[in-house]
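What follows is the residue order along each chain.
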Number of protein chains: 2
Amino acid sequence: MAEWAQLAYLKDTQVNISSEFSIIKKYLSGIGTSYLNTNGINLAGGDDCAVIAVNSKLLISTDTSVAGVHFLKSMPAESIAYRSVATALSDIAAMGGNPVAFNLSLVMPKFNPDWMKAFRKGLQKISKEFKLPLIGGDLVKGPLQISVTVLGKPEKKILLRSNAQPEDILCLSGALGSGYIGLKEYKRSGELNNKTKPYLFPSAQIDYGRIIASIASSAIDISDGIIQDLSHLVLSSGVGCHLDLEQVPVADKKYSKQCLEFGDDYQLLFTVPPKKLLALQAKLNSYKKKCHTIGVMGGKKLTLSNNKGSIKNWDHFQ
Amino acid sequence: MAEWAQLAYLKDTQVNISSEFSIIKKYLSGIGTSYLNTNGINLAGGDDCAVIAVNSKLLISTDTSVAGVHFLKSMPAESIAYRSVATALSDIAAMGGNPVAFNLSLVMPKFNPDWMKAFRKGLQKISKEFKLPLIGGDLVKGPLQISVTVLGKPEKKILLRSNAQPEDILCLSGALGSGYIGLKEYKRSGELNNKTKPYLFPSAQIDYGRIIASIASSAIDISDGIIQDLSHLVLSSGVGCHLDLEQVPVADKKYSKQCLEFGDDYQLLFTVPPKKLLALQAKLNSYKKKCHTIGVMGGKKLTLSNNKGSIKNWDHFQ
């Protein structure tokens, strides 16, 4: 009879759980626990599934961030964690929703306590910012990457990308290119400063999405670059668009082409019926949010006013 | 922008959709579409999030499968797809739930049409088997791995792993080691046959979980090996267990130690109050399901009757 004395129940010190589960317990548990009840989470972590009781429709989206593709391995783990969740949250923002909880799957090549501590810090930071509990996931050995599934509750109206109408005005929540400039500056300085912050800790436009949800006709978040993402909106809505690239604000005019091409900005691109534009701008203004009008829907194609030459956005397989 | 483009209207040729989205459209769209309505999915693919309207609690679980860790790169893509979803579904089974939908994040180093075609076939196979629509996800370039998030509806009673009581009988849904034997045989023959099938296309015990949900006191699925997973059940429930390893059925007695250690079997390990054991066995029998009684809960530790020497189960970081 072999005795599993280690698994003695109750006190941590008595329990020699295997390291995989010790890591989960130490670094990936208890994140956003105080938001569980308010957000309708009945059970989080410690079982085969999490259990959610939300009396509404639920939004769900998954976003995977791979080292060397979506972030640099050398970046602070705090930023890697934060931005992996932020990019997933951006999809909730684009539907005008309120984040409820997230699941996280972390694949990493080896265990480094300092890295894990910083990673946890990044999770805590974004969890606190959006009152968002981590409700489960898994921890796996392999090439570094993070897959995040976010759940959200929609506002009364769900903002689709398929509902833009002819004559609707195309709007943008903020300047593009701060991701590009941030990464460029981070590669140079390796520091967290005003320029690198938008890349290291991008802002999911959750508030913005909620503000426009009832007025805008359609929306999408810009992750792959404005042309790429606008063409999704155009295709989904079945209506063309004339985009005036000269009206698109960029983070740094010296690099305006790169700012338009790079993506990783997580601004919202949305359409609004012309009659509602002023009301929307006034509403956004009252929240101290900007609204840039950059084009108009109509026709069957996406056309550009552009003196920047061909713009090519992000694509994994081209 | 994470969810998948259905790219409905307008012809592809009119807009230069990037290949990433063409791949999604051709290989990852339209899987299980006929189950969307019945399963309460309002919107799947083609927007930033999927929208779910389920009038019940919701189960959610994420499972990531990495090439070289959870599967061999050389395995048929059909199997890689199928088993990535099956292992995630196994968590729904362990809660006694009914799968509703899944999200899939595919990370792959390059695009190979034949591989993608086979991968799609595997997704279609499991989607059909469990009447489960694919509602979104993303496609990313990087080291091969698949992250699957499954959603499920629980039965009236949710089967937790934390509710085992002293004197409950510990039961197992089927023999362990078919995963081990299957991989061993696959490495030898590279073929799909009766021996390799349980590894290449593992069965998520969804029906079994639903049958036992109202009677069992606790359950967990065995993915990491019986000792590892039983110790989670013991720790969560705060009650010890005596496990008689001699009573645990194995796929091949010649390799009984490996069968107990390897994991990857996705059988259910569960407890039942002694008074309800006969009723449960009769119920399972009526569904032509087996039930192996292998231990009894009690005390504060996990103890083993064992003449196989020390058993060590799967751990990513040990």
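Treat the numbers as computed from the prediction; the structure is a model and nothing was measured.

Visitor: Hey, could you go over the confidence of the model for chain A for me, with residue numbers and the actual values?
Guide: Interpretation of this model should avoid reading the predicted coordinates in detail wherever pLDDT is low. Residues and elements named next belong to chain A. Scored by pLDDT, chain A comes out at a mean of 88, with 90% of its residues at no less than 70. The low-confidence segment residues 1-18, where pLDDT is below 50, has 38 contacts with residues more than four positions distant or belonging to other chains. Reported confidences for the modelled complex are a pTM of 0.89 and an ipTM of 0.87.

Visitor: Give a detailed account of the domain arrangement of chain A, specifying residues and quantitative values.
Guide: You'll often see interface size given as the accessible area lost when the parts meet. Residues and elements named next belong to chain A. Segmenting chain A into domains produces domain 1 (12-154) and domain 2 (169-305). Just the C-alpha atoms count here: the centres of domain 1 and domain 2 sit 26 Å apart. Counting from both sides, the interface comprises 18 residues of domain 1 and, opposite them, 17 residues of domain 2. Elements with a contribution of two residues or more to the side of domain 1 that touches domain 2: α2 (77-94) and β5 (97-108). No other element matches α2, which puts 11 residues into the side of domain 1 that touches domain 2. Here the residues of the side of domain 1 that touches domain 2 sort into 10 nonpolar, six polar and two charged.

Visitor: Explain unusual backbone geometry to me, and be specific about the residues and the numbers.
Guide: Positive phi, normally seen in glycine, also occurs at E167 of chain A, with a value near 80 degrees. For E167 of chain A, the position within the fold is in the loop between β7 (145-154) and β8 (169-172).

Visitor: Explain helix α1 (residues 19-27) of chain A residue by residue, including any values.
Guide: Because an α-helix packs 3.6 residues into every turn, residues spaced three or four apart end up facing the same way. Residues and elements named next belong to chain A. Listing the buried residues of α1 in full gives E20, F21, I23 and Y27. All buried residues of α1 lie within an arc of 155 degrees about the axis, which places them on one face of the element. In this structure, the buried residues of α1 make contact with α3 (113-129) and β6 (134-141).

Visitor: Mind laying out α3 of chain A, listing which residues take part and the relevant values?
Guide: All names here are of chain A. In this model α3 runs 24 Å from its N-terminal to its C-terminal C-alpha over 17 residues, within 8% of the 24 Å that 1.5 Å per residue would give. Turning to α3, its buried residues number three or more, namely F119, R120, G122, L123, I126 and S127. Axial view of α3: buried residues confined to an arc of 155 degrees, hence all on one face. Among the exposed residues of α3, those pointing more than 90 degrees away from its buried face are P113 and D114. Looking at the buried positions of α3, the neighbouring elements they touch are α1, α2 and β6. Remark: K131 follows α3 within two positions and exhibits a positive phi of approximately 50 degrees.

Visitor: A description of the sheet that holds strand β1 (residues 41-43) of chain B should follow, citing residues and the corresponding values.
Guide: Reading across from one edge, β6(A)-β5(A)-β7(A)-β4(A)-β2(B)-β1(B) is the order of the six strands in this open sheet, with mixed pairing throughout. On the outer flanks of this sheet lie β6 of chain A together with β1 of chain B, each paired with one strand and no other. Pairs of neighbouring strands in the sheet enclose a mean axial angle of 25 degrees, with direction left out of account. Across three bridges, strand β4 (residues 58-66) of chain A lies against strand β2 (residues 50-52) of chain B in antiparallel orientation. Across the sheet, residue L58 of chain A finds its bridge partner in β2 of chain B, namely I52 of chain B.

Visitor: Account for the packing of α2 of chain A against α3 of chain A, with residues named and values stated.
Guide: Residues and elements named next belong to chain A. Here α2 crosses α3 at 40 degrees, and the two axes come no closer than 6 Å. Every pair of crossing elements has a handedness; the one defined by α2 and α3 is right-handed. Residues A77, E78, S79, I80, A81, Y82, V85 and A86 of α2 pack against W115, A118, F119, K121, G122, L123, K125 and I126 of α3. For the contact of α2 with α3, the class distribution of residues is 11 nonpolar, two polar and three charged.

Visitor: Outline the pairing of strand β4 (residues 97-108) of chain B, listing residues and values.
Guide: All names here are of chain B. Among the 12 residues in β4, 12 count as buried, and that is most of the element. In this structure, β4 lies alongside strand β6 (residues 145-154), joined through 10 bridges in antiparallel fashion. Bridging from a neighbouring strand, S105 pairs with S147 of β6. With seven bridges connecting them, β4 and strand β5 (residues 134-141) associate as parallel partners. From the neighbouring strand, N103 faces β5, where its bridge partner is G136. Handedness of the β4-helix α3 (residues 113-129)-β5 crossover: right-handed.

Visitor: Please set out the environment of K128 of chain B residue by residue, giving values where relevant.
Guide: All names here are of chain B. Relative to the helices and strands, K128 is located in helix α3. Since 13 C-beta atoms lie within 10 Å of it, K128 is described here as partly exposed. Taking the C-alpha atoms as reference, K128 lies 6.6 Å from G32; in sequence the two are 96 residues apart.

Visitor: Break down the sheet that holds strand β2 (residues 41-43) of chain A for me, citing the residues and quoting the values.
Guide: The mixed open sheet is built from six strands, whose spatial order is β2(A)-β3(A)-β3(B)-β6(B)-β4(B)-β5(B). Whereas interior strands pair on both sides, the edge strands pair on one side only; in this sheet they are β2 of chain A together with β5 of chain B. Each strand axis lies, on average, 25 degrees off the axis of its neighbour in the sheet, ignoring direction. Each of β3 (58-66), β4 and β6 of chain B is contacted by helix α2 (residues 77-94) of chain B, which is oriented at about 35 degrees to β6 of chain B, the strand it contacts most.

Rules used throughout
Residues numbered from 1 in each chain as written. Chains lettered and ligands numbered in written order. Predicted model: local features only at pLDDT ≥ 70, side-chain atom pairs only at ≥ 80, totals over all residues. pLDDT = per-residue confidence, 0-100. Contact = placed C-beta atoms within 7 Å. Domains from an automatic or database assignment. Helix = DSSP H or I, 4+ residues; strand = E, 2+ residues; numbered from the N terminus. Nonpolar A, V, L, I, M, F, W, Y, C, P; charged D, E, K, R; others polar. Buried ≥ 20, exposed ≤ 12 C-beta atoms within 10 Å, placed from the backbone. Arc of directions from axis to C-beta. Expected span 1.5 Å × (residues − 1). Pairing = 2+ DSSP bridges. Axes fitted to C-alpha atoms, helices over the stretch in contact; angles between N-to-C directions. Left-handed = near helix turned anticlockwise from the far one by under 90°. Right-handed = clockwise from strand over helix to strand, strands pointing away.

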